[in-house]
Structure formats: structure tokens, C-alpha cells
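# Coordinates in review
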Number of protein chains: 2
Amino acid sequence: MLTVLKGNILHMPACGRYDILENGYLVLEDGVIRGLYEQLPEEMRPLPLADYGDRLIVQAFTDMHLHAPQYAMLGMGMDLPLLDWLNTYAFRTEARYADTEFARRSYRQFARDLIANGTTRAAVFASLHTDATLILMEELENAGVSGFVGKVNMDRNAAPYYQERTEDSKKETLRWLRECERFQKVKPILTPRFTPSCTDELMAFLGELARERNLPVQSHLSENLTEIDWVKRLHPDCELYWETYHKYGLFREGTVMAHCVHSGEMEQQAILDHNVLVAHCPDSNINICSGFAPVREMLERGVWVALGSDVAGGAELPMMRVITAAIRASKARRIESNGRIPALSVAEASYLATTAGARYFGFGDGFSVGDPLHALVLDDSRLPEPARVLTVAERYERLIYLADERSIVARYADGALLA
Amino acid sequence: MLTVLKGNILHMPACGRYDILENGYLVLEDGVIRGLYEQLPEEMRPLPLADYGDRLIVQAFTDMHLHAPQYAMLGMGMDLPLLDWLNTYAFRTEARYADTEFARRSYRQFARDLIANGTTRAAVFASLHTDATLILMEELENAGVSGFVGKVNMDRNAAPYYQERTEDSKKETLRWLRECERFQKVKPILTPRFTPSCTDELMAFLGELARERNLPVQSHLSENLTEIDWVKRLHPDCELYWETYHKYGLFREGTVMAHCVHSGEMEQQAILDHNVLVAHCPDSNINICSGFAPVREMLERGVWVALGSDVAGGAELPMMRVITAAIRASKARRIESNGRIPALSVAEASYLATTAGARYFGFGDGFSVGDPLHALVLDDSRLPEPARVLTVAERYERLIYLADERSIVARYADGALLA
């Protein structure tokens, strides 16, 4: 069935560029984009029309790295250094998801808030618990979020109350993979927490599983200097951190690596060569003082970078806030480099939270013909009255800085208008 | 008349410290704080009680630097460098306030949004226009905001369409001062925009006026390096920027200087010696790439620092967002200094947005006996369900990171509960 959306269409087929159709038309066939038009073709005039008037129709967001069971501790413990934060807050909070009733309530709120804030596709870390992970997948799918979810694997160096035995980790991973065959839109992704928390045996098992079943992988890479030193001590045979994943077959096409704050030229080249996606998490990098990620260099090198909220190292779930966090982090880096390294523009950072992430889920660039629609309708009438008439691009940029979920007045995920 | 507020009282009489009364009582006499009690004294039990239950009662915020006529351009032009931003956005937007009808609408929204976000006292830049400045003062007073507002003086180096002749600037300043005698809670503050935009003659006039009428002064100091070079060329007799104000009697007890990003030891010492208040504007400093302000050093030296939103160089009006911006800016500085300079804690940054600013308006530390009440009641039930019971301090910190005006369920300004 054909339907038409009308409004000010702004999308980002290329990094740093807006394509704008003022009072344009977006035509769908069974939820799949069939075309974008400045004028609606004669034969389409009788089609059912959702007229969004002067509002903006933009791409929905993607979040390439976040920890669902840390949503319960969002904005907490932000004064603590990383390891204390992990022990005092993160592990204790995640352990709570052994309680499936709590998990159900918490994940329902999490999924609902993702959608409310316009994130329709995501790559998510769950906890160690198979049952709670399945609940998370269920809640995401019910809410309209698609993407990947990983049961976390962790069989060393965590907390006595929150760690698996190697055998259990393997067994539960297999059970989880069997159980999650029932989901349509939320798929499993193998998730060794990070090198320090997985034994060689477990890493080898997961790498083999990734190869055999062609499963994607997500983990953390070169987030902070203490962690990097630790990894070096654990794997003295590896020159660089990425090799500790590579030697077990976990650093491959379709792998998502969060952070890469301290990835130097050689590691960046390895990321590029393996077509690994870097999930840049600007708010987290500042909050837990990891450092300034070399985003500009990675983009210039051709590395595939997309944004992640990294809830709850990041304290912001809405990708609009993560976009501005990425801009601000890049400006901090511009300051630190005495103006040498240019900051990200709003258009660039927005691309990293839309098209760059969407590619991971198989989508084309911008609003692309043949893709199921993932879109948001934005209303800026809540924002301060401007001093003159604004362009569509100015209106979009102001929304990115100022809007919250109240300015998102309609959400399309996977071709369907969400209730 | 005596009244009682009940709730979880958290206030900050000292920098970096919370004083907490769980389920405590705050007793007012005609809106003025008479005492804080863990248990309500026997004789006060019959008094009228506002029971806020499990909610938090905290100090209302102060904003020590912001440009009211830039609220209309909040979140815009953020990709531009400072001078382009001023010319393309700031001056053009401010010029719009020649239209008193627009000014009335815009300032009404501005004042209402300040209160909605819990800012009850502020030091505000208006535009060049006397009439619009008076409208701003009226709207602030009507909304319940008290503090200082300045008609801006600017007789050189601005835009042809937005600049005063020296004589007009003087004459209009005097007219403005006469007219604003009618306000009770919003008082005038002399406001030379910054050294480059005022002739020596105008600076001397304003300095004389400050001395004669004992008026406070606000301006900008050492915000960015290009500006500092410019000031040096304009005043070759002055070694440091602050001296360009001092030589006209404008750098004195009660002066507010915004930014001080590049104030070195000697300028910091001058600030301390003259008891000048530094309005630290972290979001603005990052947005327009001014630099990282030496807040930790200034605090250790004993300099009086309080936070400002610097709307619209800052893109955030809510002081809760400015507090987290100050923490994040301090963490960027911690990163830049390889961990040498400690970041601000939530308690420290909160102090800078409450008690430190309130002192400027004559208030004591924290909830202080004898002060009219400026308080907010915060409700955290909208936030994600936590994984365990939180302490009052944890609940406060989480609100600072996550809340918006919807979590502020009551506002007291100058002793009165606002509608």
C-alpha cells in the first residue's frame, strides 16, 4: 500500500551535508521508501497523506553502544574514577538483573525511553543473565526498537557476585542463542565485555562461534590508559589492544568496538582494514575522563565511526544530546590542539548518529529508496521565538541543541508509525 | 506569619559539601528563613505545613551571566567562530529588540523559562535599547526573578545598525537609571559590553557613574586570545586586560566579570584583591572554543567564582545543565592536564550555582537564617527506577544530571511560593 508523508524533509546522505526538501513529499510502499519528491507526481495525489505541515521530517537515530542494565544508574557516581565506578555502581547495578521482575520493569522503561527519544536502532549490551537478556530483547522488539543485543560474557576480573564460570558462560551463551531465534527485529551479537574480563578459553570459544554462525561481535577497545596497560600485561604477545581480539577471531567485519579513545595510527589502520565500526561515545569519554577520541583523524582516514550514548558512562540517553556532546568533545579537542584539529559540525555529528549507524543495520544513505522508514517528525514550536524566519537547516540545528522528546511528535520505525 | 516546609532538605553552606536533613523542617516567618529542624519543635506543630513528603527541598539557582536578547537565538550558529557568530547572529538578534512588541513577547518567555528552570536570581545583559531593557526588568520582576539587569553600552567596533553614539549612550544610560527606580527586586547594573566596544570617554563616564551612585558593574574579561590581543592594541598602556576596566574605576567591589578563561596568576590576583566575582560560563567556553577556564586554581586562590549560563554563547538556560557543563569542562581540563588538575565534583559545581551566586545578592550560605527563601522542590519519580534505595545525596546528583523543569514541582522566590 502506498502512503505519503509531507513536511520539511531533512536527511543526511553524506557526512557534513544536509539534503533538504522544503515542503517535500516522502512516498512509502508498505512502509518502505519509494521516493522523495519536491512536487508530488500527479498520479500520487489521491494517495493517503500524513501532512506534517511546517514540521521537520528527519532520520531517526541509531545508538551504537549502550548498556541497558546501567540505565537504572544513569547520572550516578559521576565523581568516581572508572574502576571505583565499575565496582561501586556498574557491577552492583547489573547484578540486580538476576531478578527478572526488576529486569522486566527496568527494560520496559528503557525501551520506551529509547523510542520516546527517537532511537529506533541500537547495539546494546545486556548483563550476564540469559533470562534478563531475553526480556530485554522482548521489550525492545515490543517497543519498536530493532538492532542487536548481547548477553555479556565475563569469566574473570569482575566481582565475586557478578562473574561467570567459563563453562557456564559458554553454556548460557548457547542457550541464549537458541532462545533468541524467536525474535524478528532484535538479533544476537556476541559480547565479551572486554579483554580483561574474558579468559583466553572464553575468547576462543566466542571467536569460533562468531565464525561458525557468522555472528556479529561487540566489545570495548582502548578506552583508557590504565585499561590498556592492563591488557598489555594480560597479553604480552600482543603489541596493540586490538590484536587481543583479533587473535581469537573477534576483530572482523561487523565487529563494533566502543571508544577507541587511545587508538593510534596503527590501531586505526587495523580498524579500517577489518571494516570494524567505532562507536564513539563522547559523553562517556568526558564523564569518566577517558580522554578525547581522535574522531577527526579516524574520519579522514576513512574509518567507520558512529555515535553511542554509552549509557551509563554516558549520562544522556537521547541521541540529540549525544550529538551535541560529540560536538562539544570535538571542540574541547580543538582547544587542546590550539585550533589545529577542526571541531565536528552539527551536520557531521548528526550523520554519525543517523546514516553512519544505520549502515550497520543494512540501510542506505539518508532516506534511501528501498529502506523501511525510520523517521522522526520534529516540532519546534516549543522553542524560544526566534528573532527572524529561520531556514530548515537552522531549525534542525536548534532542535538538536534544544529539543527533548516533547519536540518529537511522531516516530516511524521499520516503516510503521509508532503509537 | 510562620509556616513550615517538610521534605528532604539538601543545601550547600560550603563549597563541596552537602548539608542534609532527611525528612527535615524548614520554618519561615513571612517568607524569611527562621530555622532548620530535624524534628519540629513542639510549639511549631500547629503551624501551617507544606508537606513535600519524600521530595527534595534544595536551594534555587543563580545565573551570574547571560544575555537576555540572545535567548531568541539559543542553540544557533554554534559552528561559527566567535566574530562571525557575533556578526551573523548576536548583533542582528539583539538589534531586533528595538521592536518593543517583540521584546515584550521574547522577554516574557525568557523570564518564564528562567523561573521554570529554577533560576530565581540573575545578573543579566539586556540590549542597547533603554525601552526594551525596562521591559525586560518588568518581565523578570513579574515572573519572580530578582537581581540585576544592565542596558548594554557600546559606542564603537560593533555593527553599523547596532551601535550607539557616545552622547546617546550616556544620555540613554541616565534615562534608563531614572526609569528603573520603579523596580523593587530588579536593580540596574552598569554594563559596558567589553573593552573593545566602548570608547575611553564612555568607559570614564560609566566609571564615574559607578562611583557616584555606588552602582555595580558587569562586563567580559579575557574570554579568548584574539580578543585579548585586540584589547592590548586598544590599550597599549595596560599590561593586562583587567587594567583597562580598572583605569576607569570599573574594576571594583561588586563587579562581575564573565569568563576569565585566560586570566593568568596576576590577573587572578587582581580579581581577588578587588573582590570581583568571576562568572564562569563553561558551556559557552566550549561552544565558542574560548578555552578551559582555570576554575580550580581560582577556587584554590580564594577567588569568588559562580556559574553563568552565558545564553546564547551557552546553549543551556537551565542551571542544572550548566552545573553538569562545569563538571564536564573541568573533566576536559583534567584530561588535558594528564590528571594533574582535579575535576569539579557535583557538590562543588552545585555550590557555584547556588550559594556562591547568592552571596552576590546579599544572601548567606546555604539556607541561612534571616534570608528570604529561594528554594526548589524536586521530584525524582520521573527518572529511571533505580536498582536500590538511593541516599538523598545520590538522588540530588542524579536529578542534577537528568532532570528538566518537569522535575521541579514547586519554586520559592524571595520567600513566596510561585504559582
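Up top is the structure.
The following paragraphs examine the structure supplied in this document. (Residues numbered from 1 in each chain as written. Chains lettered and ligands numbered in written order. Predicted model: local features only at pLDDT ≥ 70, side-chain atom pairs only at ≥ 80, totals over all residues. Heavy atoms only, no water.)

### Quick look at the overall build of chain A
Within chain A, the secondary structure is distributed over 14 helices and 17 strands. In terms of C-alpha radius of gyration, chain A reaches 21 Å, essentially the compact-globule figure of 22 Å for 419 residues. Projected onto its principal axes, the C-alpha positions of chain A cover 65 × 55 × 35 Å. Contacts in chain A between residues far apart in sequence, at least 24 positions, make up 75% of those at least 6 positions apart. Accessible surface for chain A amounts to roughly 14600 Å². Of this, 48% is attributable to carbon and sulfur atoms. One way to put it: in chain A the 44 positive side-chain charges average out to a point 2 Å from where the 58 negative ones average out. (Helix = DSSP H or I, 4+ residues; strand = E, 2+ residues; numbered from the N terminus. Rg over C-alpha atoms; globule rule 2.2 N^0.38 Å. Contact = heavy atoms within 4.5 Å. Areas by Shrake-Rupley, 256 points an atom, 1.4 Å probe, with all protein chains shown as cover. Lys, Arg positive; Asp, Glu negative; His and termini not counted. Charge placed at Lys NZ, Arg CZ, Asp CG, Glu CD.)

### Observations concerning the interface of chain A and chain B
Taken residue by residue, the interface counts 48 residues in chain A and 48 residues in chain B. Regarding the contact of chain A and chain B, the summed buried area is about 4200 Å², with carbon and sulfur atoms giving 53% of it. For the pair chain A and chain B, the number of links is eight salt bridges. R105 of chain B is the partner of E385 of chain A in a salt bridge, and the nearest nitrogen-oxygen pair spans 2.7 Å. One can count 20 residue pairs in polar contact (both at pLDDT 80 or more) joining chain A with chain B. In terms of residues, the side of chain A that touches chain B owes the most to one element, helix α11 (residues 319-336) of chain A, which gives six residues. (Buried area = accessible area lost by both parts, 1.4 Å probe. Salt bridge = Lys/Arg side-chain N within 4 Å of Asp/Glu carboxyl O. Polar contact = N/O pair within 3.5 Å; in protein donor to acceptor, adjacent residues only side chain to side chain.)

### Some remarks on the relation of the copies chain A and chain B
Look at the two chain copies: a rotation about an axis and a shift along it is all it takes to match them. Mapping chain A onto chain B calls for a rotation angle of 180° and an axial translation of 0.0 Å; the resulting RMSD is 0.0 Å. Within this description, the copies of the chain are treated as partners about a two-fold rotation axis. Most of the interface of chain A is mirrored in chain B: 100% of its interface residues are interface residues there too. (Least-squares fit on C-alpha atoms with pLDDT ≥ 70 in both.)

### As for the pattern of salt bridges
Going through the model one piece at a time under the given rule, you end up with 64 salt bridges over all chains. The salt bridge partner of D237 of chain A is K247 of chain A, with a shortest N-O separation of 2.7 Å. Of this pair, D237 of chain A sits in the loop between α6 (225-234) and α7 (241-246) while K247 of chain A sits in the loop between α7 and β12 (255-259), and the two are 10 residues apart along the sequence. We note a salt bridge from R104 of chain B to E139 of chain B, for which the minimum N-O separation is 2.9 Å.

### Points about the sheet that holds strand β3 (residues 32-37) of chain A
Residues and elements named next belong to chain A. With mixed pairing, the seven strands of this open sheet are ordered in space as β3-β2-β1-β4-β15-β16-β17. Taken across any chain shown, the strands that pair with only one partner, and hence form the sheet edges, are β3 and β17 (416-417). In the sheet, strand β4 (residues 49-59) pairs with strand β15 (residues 375-378) via four bridges, with the strands oriented antiparallel. Looking across to β15, one finds that V58 is bridged to L376. Where helix α14 (residues 392-402) meets the sheet, it contacts β1 (2-14), β2 (17-29), β4 and β15, and its direction lies at approximately 65° from that of β4. (Pairing = 2+ DSSP bridges. Axes fitted to C-alpha atoms, helices over the stretch in contact; angles between N-to-C directions.)

### Topic: helix α3 (residues 130-143) of chain B
Residues and elements named next belong to chain B. Counted at 1.5 Å a residue, the expected span for α3 with its 14 residues is 20 Å, and the 20 Å between its end C-alpha atoms agrees. Every buried residue of α3 is accounted for by T130, A132, T133, L134, I135, L136, M137, E139 and L140. Following α3 by one or two positions, G144 has its phi on the positive side, about 110°. (Expected span 1.5 Å × (residues − 1). Buried < 20%, exposed > 50% of the residue type's maximum accessible area, 1.4 Å probe, protein only.)

### Section: the packing of aromatic side chains
All names here are of chain A. Summed over the entire model, instances satisfying the criterion amount to 24 aromatic pairs over all chains. Their ring planes at 65° and their centres at 5.1 Å tell us that Y97 and F102 sit as a pair that is edge-to-face. A single burial state applies to Y97 and to F102, both of which are buried. Plain terms: the ring middles of F194 and W230 are 6.3 Å apart, the flat faces sit at 80° to each other, and that makes the pair edge-to-face. Of the two residues, F194 sits in the loop between β10 (191-192) and α5 (200-213) while W230 sits in helix α6, which places them 36 residues apart along the sequence. According to the relative accessible area criterion, F194 is buried, its value standing at 15%. (Phe/Tyr/Trp six-rings, centres within 6.5 Å; stacked < 30°, edge-to-face > 60°.)

### Quick word on the packing of helix α11 (residues 319-336) of chain B against helix α14 (residues 392-402) of chain B
Residue and element names in this part refer to chain B. Contact pair α11 / α14: the axes reach a minimum separation of 7 Å and the direction vectors enclose 95°. Relative to α14, α11 is oriented roughly perpendicular. On α14, the residues that touch M320, R321, I323, T324, I327, R328 and K331 of α11 are L399, I400, Y401 and L402. (Parallel < 35°, antiparallel > 145°, perpendicular 65-115°, else oblique.)

### So, the side chain of N224 of chain B
Mapped onto the fold, N224 of chain B is located in the loop between β11 (217-221) and α6 (225-234). Aside from chain neighbours lying at most four places away, what touches N224 of chain B is L82, H262 and S290 of chain B.

### A look at α11 of chain B
Residue and element names in this part refer to chain B. Its 18 residues give α11 an end-to-end C-alpha distance of 25 Å, which sits within 8% of 26 Å, the value for a rise of 1.5 Å per residue. Counting buried positions along α11 gives 16 out of 18 residues, so the element sits mostly inside the fold. N338 sits one or two positions beyond α11 and adopts a positive phi of about 50°.

### Some remarks on the sheet that holds strand β7 (residues 146-150) of chain B
All names here are of chain B. Here we have four strands laid out as an open sheet, ordered β5-β6-β7-β9, and parallel in their pairing. Strand pairing shows two members of the sheet lacking a second neighbour, β5 (61-67) and β9 (186-188), which therefore form its edges. Between one strand and the next, the sheet's axes are offset by a mean angle of 20°, whatever the strand orientation. Direction of pairing for strand β6 (residues 119-125) relative to β7: parallel, over a ladder of five bridges. Each bridged residue has a counterpart across the sheet, and for R121 the counterpart in β7 is S146. Lying over the sheet, α11 contacts β5 and β6, oriented at roughly 85° with respect to β5.

### A word on the packing of helix α3 (residues 130-143) of chain A against helix α4 (residues 166-179) of chain A
Residues and elements named next belong to chain A. Between α3 and α4, the shortest axis-to-axis distance is 10 Å and the interhelical angle comes to 25°. In terms of their interaxial angle, α3 and α4 are classed as roughly parallel. Read as a crossing pair, α3 and α4 show a hand that is right-handed. Contacts between α3 and α4 involve T130, D131, T133, L134 and M137 from the former and E172, R175, W176 and E179 from the latter. Of the residues assigned to the contact of α3 with α4, the class counts are three nonpolar, two polar and four charged. (Left-handed = near helix turned anticlockwise from the far one by under 90°. Nonpolar A, V, L, I, M, F, W, Y, C, P; charged D, E, K, R; others polar.)

### Examining unusual backbone geometry
For the bond running from V311 of chain A to A312 of chain A, omega is 10°, close enough to zero to count as cis. Within the fold, A312 of chain A resides in the loop between β14 (304-307) and α11. Positive phi, close to 55°, is recorded for N157 of chain B, a residue that is not glycine. For N157 of chain B, the position within the fold is in the loop between β8 (152-153) and α4 (166-179). Even without glycine at this site, C289 of chain B takes up a positive phi of about 55°. Positionally, C289 of chain B belongs in the loop between α9 (282-287) and α10 (295-301).

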